[in-house]
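Inside the fold
Next come the chains, spelled out residue by residue.
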Amino acid sequence: MRVNRWVSTAVLLGTVAAVTQPVAAAEPAGLQEFYGQQAQWGRCVDFGRPIEGLQCATLVVPMNYRKPGAERISLTISRMPAKDPAKRKGALMLIPGGPGGSGLLLPYWDAERPIGQVYDLVSFDPRGVGESTQLHCEGGAPVGEVSSRPTDDQFELFTARARMAEAECERAGGGLRPYVNTPNIARDMDVIRGVLGEQKINFVGTSYGSYVAAVYGSLFPNKVNRNVFDSAVHPDEIWRGTWRSQAVAARANVDALFTWLGERNSVYGLGKSHAEVYASSRALAAKLIEKPIINPDNGETMTITHYDRFVLGFLSRARSAWDYLGRQIKTFKAIAEGTIAADSPAAKDATDAAAVVREFAIPRTREGVFDTVRCEADWPQDLSFYYNEMKVFREEYPYWDGVAKVAPNNCTFRSFTPPDKVTELKRAGYPTGVVIQAEGDTNTAYAGGPAMASKLRNHLISVADDGTHDLYGYNPCVNELVDRYLIDGVLPGTRVTCPGAQRPDIPADNAETVSRRAVPQPNLTEFARRFVAEEQNRRGGF
């Protein structure tokens, strides 16, 4: 649910002309000048290169919609016109994830897909993000390294980091910070709709964008046409429950991985059952706590935190990576037990591969939107409440950022009063839509999909045995169903299941016919680089 860190922000060359466009009478009172802006579309530029066919423009919106005559901020939008104008069905808004994700390049990435033929694909950098008026937090010195399995006396370190994070955001947030929230992002979306001259908007909201979409539909129900919620946020877990569910989902993926490895002990040697593989993993974790593995050539280190976060927690959701994970765990186990040397080629390969994944998964910058949007909901103030859950999660759910998901965070010490209450989500007055959810998604846990579908009375597409986050555009079954809905208006069944990505083609030990033909295996670092490259090409979200 983090921002698309690998996406460079497009630079816009378009501007906004004077208010010459007629204003529809139905627009909110006092906001006519914003809805009536006429966008001057110009080129979008990425790393100094114009992006072919993608148009950008800058709009102006109120910082505080309750005081539209006061401060104003800029909003950057992008558009890829429909490739078949004769069949144009209107505008389809692609709502980015995050909170804090950039959307400017989304229309370009989807332009060659069927939706790009019949829709003007539109997106934007939400307030606080990228080429829109930015919101920053200061980036102070870190207060120590937090462990994935902290002792009781280390809990205060999480609290100290949370206090510092909020203080950094308070110092750098200016007057904008209280007004960077989901309702205002939804209001900005409606200004975009008005500027585009669309009576109704179609949208695909991905990850956090699914929640923005649900809020938009609740605030502007008569402005919505076809609507898709991809990898939906749980509507009743805004926001603490969302982070907590991520750790639980990560554990479920690790358990599925361990079961699969246990069925292939002859290949990986980690145990003959889930219980035995789990025991092997715990034994390795104990050794890493006592003595991390260090690559003597470059100093790359495999600590318990890196093992929990990036080897197991981050990668186990990707079924295609399970063979890689099994081989990597096997290698680290051998290093820890002394059966292969830490300076051997195999050991160096394993630590280098883990470093590639770690570099990809760690946020590179400190933005202010993520640390602000999740403060729109209230968080518990009693530190003992957090500490009690941390004791459970360090044992049961240490994978990915398990303990950190239930630790105090900056919103525990929120320094501002939110101007809006958490929106009551409902679908009253706009058409039935589609929710898409993967069984093993850790960014937005599976339960969010059925819950969002139930809350909005939408149809649900579940993707079985798959941990993919952001499915539309990548899963062929999902693509077929959603394209038919968006293009032809034909809904899928109320509950439909699509197959997920295939697991590695490695037979189980008890298979009736086991083929052990030699399959050339890339080294671990090569696989990690290839996996990261594939992930970087995804649309991303949350």
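Just so you know, these numbers come straight off a predicted model, no measurement behind them.

Describing the overall build of the protein
- Counting its regular elements, the protein contains 18 helices and 15 strands.
- The C-alpha radius of gyration of the protein comes to 24 Å, within 12% of the 24 Å expected for a compact globule of 542 residues.
- If you line up the protein on its principal axes, its C-alpha atoms span 75 × 50 × 45 Å.
- Residue burial in the protein is summarised as follows: out of 542 residues, 58% are buried.
- Measuring between centres, the 61 positive side-chain charges of the protein sit 3 Å from its 63 negative side-chain charges.

Quick notes on the state of the cysteines
- Under the counting rule described, the total for this entry stands at four disulfides.
- Between the sulfur atoms of Cys44 and its disulfide partner Cys56 the distance amounts to 1.6 Å. With the S-S dihedral at roughly 100°, the linkage between Cys44 and Cys56 falls on the right-handed side. Taken together, the residues Cys44 in strand β4 (residues 42-46) and Cys56 in strand β5 (residues 49-62) connect sequence positions twelve residues apart.
- Given the relative accessible area of 0%, Cys44 is considered buried.
- For Cys56, a relative accessible area of 0% gives the class buried.
- Paired through a disulfide, Cys137 and Cys169 show a sulfur-sulfur distance of 2.0 Å. For the disulfide bridge between Cys137 and Cys169, the dihedral angle about the S-S bond is near 95°, and by the sign convention the bridge is right-handed. Taken as a pair, Cys137 in the loop between β8 (119-125) and α4 (155-172) and Cys169 in helix α4 lie far apart in primary sequence, 32 residues in all.
- Judged by its relative accessible area of 8%, Cys137 falls in the buried class.

As for helix α9 (residues 274-290)
- Helix length check: α9 (17 residues) gives 24 Å between terminal C-alpha atoms against 24 Å at 1.5 Å per residue, within 8%.
- The set of residues buried in α9 consists of Val277, Tyr278, Ser280, Ser281, Leu284, Ala285 and Leu288. Buried residues in α9, looked at end-on, bunch into an arc of 160°, giving them a common side. Away from its buried face by more than 90 degrees, α9 exposes Ala275, Ile289 and Glu290.

Notes on the packing of aromatic side chains
- Within this structure, the stated rule accounts for 16 aromatic pairs.
- Relative to Tyr268, the ring of Trp260 has its centre 5.8 Å away and its plane inclined at 40°; by these criteria the two rings are tilted. Each member of the pair, Trp260 as well as Tyr268, carries the same accessibility label: buried.
- Aromatic pair Phe385 and Tyr386: ring centres 6.0 Å apart, planes at 85°, arrangement edge-to-face.
- Given the relative accessible area of 38%, Phe385 is considered partly exposed.

Observations regarding the packing of α9 against helix α10 (residues 304-314)
- Packing of α9 against α10 brings their axes to within 8 Å, and their N-to-C directions diverge by 140°. Judged by the inter-axis angle, α9 sits oblique to α10. Of the residues in α10, those touching α9 at Ser281, Leu284, Ala285, Leu288 and Ile289 are Ile304, Tyr307 and Leu312.
- Across the contact of α9 with α10, the residue classes tally to seven nonpolar, one polar and no charged.

With respect to the pattern of salt bridges
- Enumeration over the complete set of coordinates arrives at 30 salt bridges.
- Salt-bridge contacts for Arg282 lead to Glu395; the nearest nitrogen and oxygen are separated by 3.7 Å. Placement of the pair is Arg282 in helix α9 and Glu395 in helix α14 (residues 383-396), with a sequence separation of 113 residues.
- The partly exposed category is assigned to Arg282, whose relative accessible area is 35%.
- The class of Glu395 is partly exposed, set by a relative accessible area of 37%.

Re the packing of helix α11 (residues 322-337) against helix α12 (residues 345-361)
- Axis separation between α11 and α12 bottoms out at 10 Å; the angle between their running directions is 125°. Considered as vectors, α11 and α12 are oriented oblique to each other. By crossing handedness, the relation of α11 to α12 is classed as left-handed. Residue-level inspection shows Tyr324, Gln328, Thr331, Phe332 and Ile335 of α11 in contact with α12, the latter providing Ala346, Ala347, Ala350, Thr351, Ala353, Ala354 and Val357.
- Its residues placed into classes, the contact of α11 with α12 shows nine nonpolar, three polar and no charged.

Some details on the pairing of strand β9 (residues 201-206)
- Within β9, six of the six residues are buried, which leaves it mostly tucked inside the rest of the structure.
- The alternating pattern of β9 places Ile201, Phe203 and Gly205 on one face and Asn202, Val204 and Thr206 on the opposite face, and all of these are buried.
- Across four bridges, the pairing between strand β7 (residues 90-95) and β9 is parallel. When the sheet's bridge partners are listed, Leu94 is paired in β9 with Val204.
- Relative to strand β10 (residues 224-230), β9 runs parallel, the two being bridged by five bridges. Pairing of Gly205 across the sheet is with Phe229, part of β10.

Some thoughts on the confidence of the model for the protein
- For the protein, the mean per-residue pLDDT works out to 90, and 90% of the residues sit at or above 70.
- Within the model, the stretch residues 1-10 combines pLDDT values under 50 with 54 contacts to residues more than four positions away or in other chains.
- The low-confidence segment residues 14-25, where pLDDT is below 50, has 32 contacts with residues more than four positions distant or belonging to other chains.

Quick notes on the pairing of β7
- With six of six residues buried, β7 lies mostly within the body of the structure.
- The sheet contact formed by β7 and β8 spans four bridges and is parallel. The residue bridging Gly90 from the neighbouring strand is Tyr119, located in β8.

Quick notes on the nonpolar core
- One finds Phe203 and Trp239 to be the most contacted residues of the largest nonpolar core, which totals 71 residues.
- No other element matches the seven residues that helix α6 (residues 208-219) contributes to this core.
- Setting aside anything within four residues of it in sequence, one finds Phe203 in contact with Leu92, Met93, Ile95, Ala213, Tyr216, Val224, Arg226, Asn227, Val228 and Phe229.
- Phe258, Leu270, Val311 and Phe527 belong to the second largest nonpolar core, which has 45 residues in total.

Thresholds, definitions, all that
Residues numbered from 1 in each chain as written. Predicted model: local features only at pLDDT ≥ 70, side-chain atom pairs only at ≥ 80, totals over all residues. Heavy atoms only, no water. Helix = DSSP H or I, 4+ residues; strand = E, 2+ residues; numbered from the N terminus. Rg over C-alpha atoms; globule rule 2.2 N^0.38 Å. Buried < 20%, exposed > 50% of the residue type's maximum accessible area, 1.4 Å probe, protein only. Lys, Arg positive; Asp, Glu negative; His and termini not counted. Charge placed at Lys NZ, Arg CZ, Asp CG, Glu CD. Disulfide = S-S within 2.5 Å. Expected span 1.5 Å × (residues − 1). Arc of directions from axis to C-beta. Phe/Tyr/Trp six-rings, centres within 6.5 Å; stacked < 30°, edge-to-face > 60°. Axes fitted to C-alpha atoms, helices over the stretch in contact; angles between N-to-C directions. Parallel < 35°, antiparallel > 145°, perpendicular 65-115°, else oblique. Contact = heavy atoms within 4.5 Å. Nonpolar A, V, L, I, M, F, W, Y, C, P; charged D, E, K, R; others polar. Salt bridge = Lys/Arg side-chain N within 4 Å of Asp/Glu carboxyl O. Left-handed = near helix turned anticlockwise from the far one by under 90°. Pairing = 2+ DSSP bridges. pLDDT = per-residue confidence, 0-100. Core = buried A, V, L, I, M, F, W, Y, C linked by side-chain atoms within 4.5 Å.

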